[in-house]
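So the chains spell out like this:
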Amino acid sequence: MASITGPQILLHSRSPSLKLKLKPSSAFLLFRNPPFSEKYTRRGAFCTISANADANSNPRASTSIVPDLLQYLNHSWTQFHATAEAKRQLLAAGFHMLNENQDWDLKPGGRYFFTRNMSCLVAFAVGEKYNVGDGFHVIAAHTDSPCLKLKPKTASCKCNYSMVNVQTYGAGLWYTWFDRDLSVAGRVILRNGHNSFVHKLVKVDRPILRIPTLAIHLDRTVNQDGFKPNLETHLLPLLSIKSEDTSLESKEKNTALSSKSYHHSLLMQVLSDELNCDVDDIVNVELNVCDTQPSCLGGGNNEFIFSGRLDNLASSYCALRALIDSCESPGNLSSDHAIRMVALFDNEEVGSGSIQGAGAPTMFQAMRRIVGDLANNYVGEGSFERTIRQSFLVSADMAHGVHPNFMDKHEELHRPELQKGLVIKHNANQRYATSGITSFLFKEVGKIHNLPTQDFAVRNDMGCGSTIGPILASGVGIRTVDCGIAQLSMHSIREMCGKEDIDIAYKHFKAFYQSFSSVDKMLTVDN
């Protein structure tokens, strides 16, 4: 880790948990909160952020997970990177990686996980008192966010500009992608010797793309009529000015490359430099366009988090940390009969209908395998069905906080506010899976631990969004509550939420793992 030398400016915010050191001559921002550290450029200032006054303290002992969330967001430009970072943290916490293609050997007290497509992850910890028929306590979220993705053939040239063909993914606020410093990240398939290939992640940290807006002088009525870009013709990012090198050697090189590739040679060279490989070794790419501006704290009191992909990586990280930390203290699994689980799915923003989405039976196949393995593959009549009846699912996705400039978009008695706790989502038409029973049980967990909750119901004259809750609830009949962290600017390239809500969500999820069994026994239904 780089040390700070020379003159320093020490800034103390009104929040006692944040300390900033600025060195004007430096050009990086570094979170000093091991083991998760990252450098990035932000207006020429070298900043040190720590969860408390001791920069060398253990982040696990911190009262806030916000610094770690910021680093997770900055690592996780794509669903692939989010899954890889979750995998790294699980391995560091002592979880064992499983393979869906191989036999499993599970034991009470064990902690395990597997990935699918490197964009979906299921992790679980088995209570030491587990008996066949005991339930799963699950928190489910999703790793994907609305973004621009590269088309299979990206090379495009207009007016001497090299441009990149993209396609829209999900329901993004696409006008927010204009005039941003953009780059690419995702995965590539590399040739690795004769008849051998390897899957690798790539992330180009520097801005290489931009979608410029049209000058107001050429669109005088834009402020009156609104900015309505055509998503096919107006949304192509600029990569570079087309090279005017007309030498025979250059022409032959470019011609040879274009016959092998659907992408600009410059883009492929950038990727090969990042991967430290030859351009010819890259046989396929699956890339997102990403905003390079780092996630950070903001607001007069640093009470906000400004970031892309809060929907839904904020929920994913809170769930992941809650599972890890709920298992770390000695004895935390020793008296538990349940199986604690996190399920992070891809493709929620486009309906979840994929092999790595919540519409696939991934989670329930895993549950059935777990039950069978822990029963030494002898499962009595109705064992899995009884397990599901004892189980409970928290579907965690971001929620619509009330916008002060558009208060009339919310029903007046259901206006979730930032910094006021998790939002329980209700919809009579089952766009959310919450019921009176499930909302009561989840709220009761919060009450026991003095954690606030809020309620949201959409106006009757407006459409209602949905999430993975109803998909999973109907898939096998598991009791489900839909909840989320209140945020603003949902589906923008740059979203925001309250800093305190992150810690409240983490504590609520952790309390769910540790306390739900006792709460569930307080209410009897269907007897």
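Up top you'll find the structure we're talking about.
Below, the structure is looked at part by part. The numbers attached to residues start from 1 for each chain and follow its sequence in the written order. Per-residue local features are limited, in this predicted model, to residues with pLDDT of at least 70; the limit for side-chain atom pairs, both in listing and counting, is 80 or more; totals at the level of whole chains, interfaces and linings are taken over all residues. By convention in this description, side-chain values take in all heavy atoms of the structure and omit both hydrogens and water.

Here's the deal with the nonpolar core
Line of reasoning, step 1. As used in this record, nonpolar core signifies buried Ala, Val, Leu, Ile, Met, Phe, Trp, Tyr and Cys residues forming a set joined through side-chain atoms within 4.5 Å. Residue exposure (1.4 Å probe, protein chains only): buried if accessible area is under 20% of the type maximum, exposed if over 50%, otherwise partly exposed. One finds Ile305, Val394, Phe442, Ile485, Ile502 and Phe509 to be the most contacted residues of the largest nonpolar core, which totals 56 residues.
Line of reasoning, step 2. Note on contacts: a residue pair qualifies if any of its non-hydrogen atoms lie within 4.5 Å across the two residues. Each residue touching valine 394, except ones within four places of it in the same chain, is listed here: Val138, Ile139, Ala140, Phe442, Val481, Cys483, Phe509 and Phe512.
Line of reasoning, step 3. Counting residues in hydrophobic clusters, the runner-up holds 32 residues, among them Tyr169, Leu209, Val285 and Val289.

Notes on the packing of aromatic side chains
Line of reasoning, step 1. Two aromatic rings, drawn from Phe, Tyr or Trp (for Trp, its six-membered ring), form a pair once their centres lie within 6.5 Å of each other, and the interplanar angle then sorts them: stacked below 30 degrees, edge-to-face above 60, tilted otherwise. Counted according to the given criterion, the structure contains 12 aromatic pairs.
Line of reasoning, step 2. Summarising the aromatic geometry, the rings of tyrosine 72 and tyrosine 317 are spaced 4.9 Å apart at their centres and angled 35° between planes, so their arrangement reads as tilted. With a gap of 245 residues between them, tyrosine 72 in helix H1 (residues 66-75) and tyrosine 317 in helix H6 (residues 310-328) connect regions that are remote in the sequence. Judged on exposure class, the residue tyrosine 72 and its partner tyrosine 317 are both buried.
Line of reasoning, step 3. One aromatic cluster is present, formed by Phe392, Phe442, Phe512, Tyr513 and Phe516 through successive ring pairs.
Line of reasoning, step 4. In this structure, lysine 203 packs its charged tip against the face of tryptophan 77, placed 4.6 Å from the ring centre.
Line of reasoning, step 5. Working rule: Lys NZ or Arg CZ, within 6 Å of ring centre, within 35 degrees of ring normal, means a charge sits over the ring. Positioned above the aromatic ring of tryptophan 104 is the side chain of arginine 369, whose terminal nitrogen or guanidinium carbon lies 4.0 Å from the ring centre. Counting from the N terminus, the helices are the DSSP runs of H or I reaching at least four residues and the strands are the DSSP runs of E reaching at least two.

Overview of the sheet that holds strand E12 (residues 182-191)
Line of reasoning, step 1. For two strands to pair, DSSP has to find at least two bridges joining them. Pairing is antiparallel in the open sheet, where 6 strands are placed in the order E13-E12-E15-E10-E11-E14. Looking at the sheet topology across the chains shown, the edges are occupied by strand E13 (197-203) and strand E14 (238-241). Across the sheet, the mean angle from the axis of one strand to that of its neighbour is 25°, orientation sign disregarded.
Line of reasoning, step 2. Examined bridge by bridge, E12 and strand E15 (residues 282-291) share 9 bridges and lie antiparallel to one another. Residue pairing across strands places isoleucine 189 opposite asparagine 284, the latter belonging to E15.
Line of reasoning, step 3. Sheet strands touched by helix H2 (residues 79-92): strand E10 (147-158), E12, E13 and E15. Its angle to E13, the strand with the most contacts, is close to 100°. Throughout, an axis means a line fitted to C-alpha atoms (over the contacting stretch in the case of helices), and angles, computed between N-to-C directions, take values from 0 to 180 degrees.

Observations concerning the pairing of E12
Line of reasoning, step 1. Within E12, 8 of the 10 residues are buried, which leaves it mostly tucked inside the rest of the structure.
Line of reasoning, step 2. Sheet topology note: the E12/E13 ladder contains 7 bridges and is antiparallel. Opposite isoleucine 189, over in E13, you have histidine 199 as the bridge partner.

Some details on the pattern of salt bridges
Line of reasoning, step 1. A pairing counts as a salt bridge when a side-chain nitrogen of Lys or Arg comes within 4 Å of a carboxyl oxygen of Asp or Glu. This model, assessed by the stated rule, comprises 15 salt bridges.
Line of reasoning, step 2. For the salt bridge of arginine 321 with aspartate 68, the shortest nitrogen-to-oxygen distance reads 2.8 Å. Residue arginine 321 is located in helix H6, and its partner aspartate 68 is located in helix H1; the two are separated by 253 residues in the primary sequence.
Line of reasoning, step 3. Ionic pairing is found between lysine 107 and aspartate 105, a salt bridge with its closest N-O pair at 3.2 Å.
Line of reasoning, step 4. Judged by its relative accessible area of 57%, aspartate 105 is exposed.

Some points on the side chain of aspartate 311
Line of reasoning, step 1. When you line up the elements, aspartate 311 lands in helix H6.
Line of reasoning, step 2. Counting rule for charge: Lys and Arg are taken as positive, Asp and Glu as negative, and neither His nor the chain ends is counted. One buried charge, aspartate 311, has no salt-bridge partner; the nearest side chain with opposite charge is lysine 425, at 7.3 Å.
Line of reasoning, step 3. Apart from the residues within four sequence positions on either side, aspartate 311 is in contact with His142, Asp144, Ser145, Glu349, Asp397, Met398, Gln487, Met490, His491 and Glu495.

Digging into unusual backbone geometry
Line of reasoning, step 1. For the peptide bond that leads from aspartate 311 to asparagine 312, omega is 15°, which places it in the cis range.
Line of reasoning, step 2. Relative to the assigned elements, asparagine 312 resides in helix H6.
Line of reasoning, step 3. For asparagine 117, which is not glycine, the phi torsion reads 65° and is therefore positive.
Line of reasoning, step 4. Relative to the assigned elements, asparagine 117 resides in the loop between strand E7 (111-116) and strand E8 (120-126).
Line of reasoning, step 5. Despite not being glycine, methionine 118 has its phi angle at roughly 50°, a positive value.
Line of reasoning, step 6. As for its placement among the helices and strands, methionine 118 is situated in the loop between E7 and E8.
Line of reasoning, step 7. The exposure class of methionine 118 is buried, given its relative accessible area of 15%.

Structural notes on the sheet that holds strand E19 (residues 392-396)
Line of reasoning, step 1. An order of E6-E7-E8-E18-E9-E19-E23-E21-E22 is seen for the 9 strands of this open sheet, with the pairing classed as mixed. Edge positions in the sheet fall to strand E6 (96-97) and strand E22 (453-457), since each of these pairs with one other strand and no more.
Line of reasoning, step 2. Alignment of E6 against E7, held across 2 bridges, turns out to be parallel. From the neighbouring strand, histidine 96 faces E7, where its bridge partner is tyrosine 112.
Line of reasoning, step 3. Contacts between helix H10 (residues 468-476) and the sheet are confined to strand E9 (136-142), strand E18 (339-345), E19 and strand E23 (479-484), with E23 contributing the most and set at about 170° to the helix.
Line of reasoning, step 4. Those strands touched by helix H11 (residues 499-520) are E9, E18, E19, strand E21 (422-426), E22 and E23, and its axis lies near 155° from that of E9.

A look at H2
Line of reasoning, step 1. To estimate the expected span of a helix, count its residues, drop one, and scale the result by 1.5 Å. Here H2 contains 14 residues, and its C-alpha end-to-end distance of 20 Å stays within 8% of the 20 Å for a straight helix at 1.5 Å per residue.
Line of reasoning, step 2. The complete set of buried residues in H2 reads Gln79, Phe80, His81, Ala82, Thr83, Glu85, Ala86, Gln89 and Leu90.
Line of reasoning, step 3. For H2, the N-terminal cap is threonine 78; the gap from its side-chain oxygen to the backbone nitrogen of phenylalanine 80 is 3.2 Å. Whenever a nitrogen or oxygen atom comes within 3.5 Å of another N or O atom, the pair is scored as a polar contact, on the condition that within protein one atom can donate a hydrogen and the other can accept it, and that pairs from neighbouring residues in sequence are kept only if both atoms are in side chains.

Focus on the packing of H2 against H6
Line of reasoning, step 1. Between H2 and H6, the least distance of the axes is 11 Å, while the angle of their chain directions is 15°. In terms of orientation, H2 and H6 fall into the roughly parallel class. The element H2 and its partner H6 pack so that their crossing is right-handed. On H6, the residues touching Ala82, Ala86, Gln89 and Leu90 of H2 are Leu313, Tyr317, Leu320, Arg321 and Ile324.
Line of reasoning, step 2. Each residue is assigned to one class: nonpolar for Ala, Val, Leu, Ile, Met, Phe, Trp, Tyr, Cys and Pro, charged for Asp, Glu, Lys and Arg, and polar for all the others, Gly among them. The class makeup of the residues in the contact of H2 with H6 is 7 nonpolar, 1 polar and 1 charged. Angle categories: roughly parallel below 35 degrees, roughly antiparallel above 145, roughly perpendicular from 65 to 115, and oblique for all the rest. It is the rotation of the near helix from the far one that decides the hand of a crossing: anticlockwise by less than a right angle makes it left-handed, clockwise makes it right-handed.

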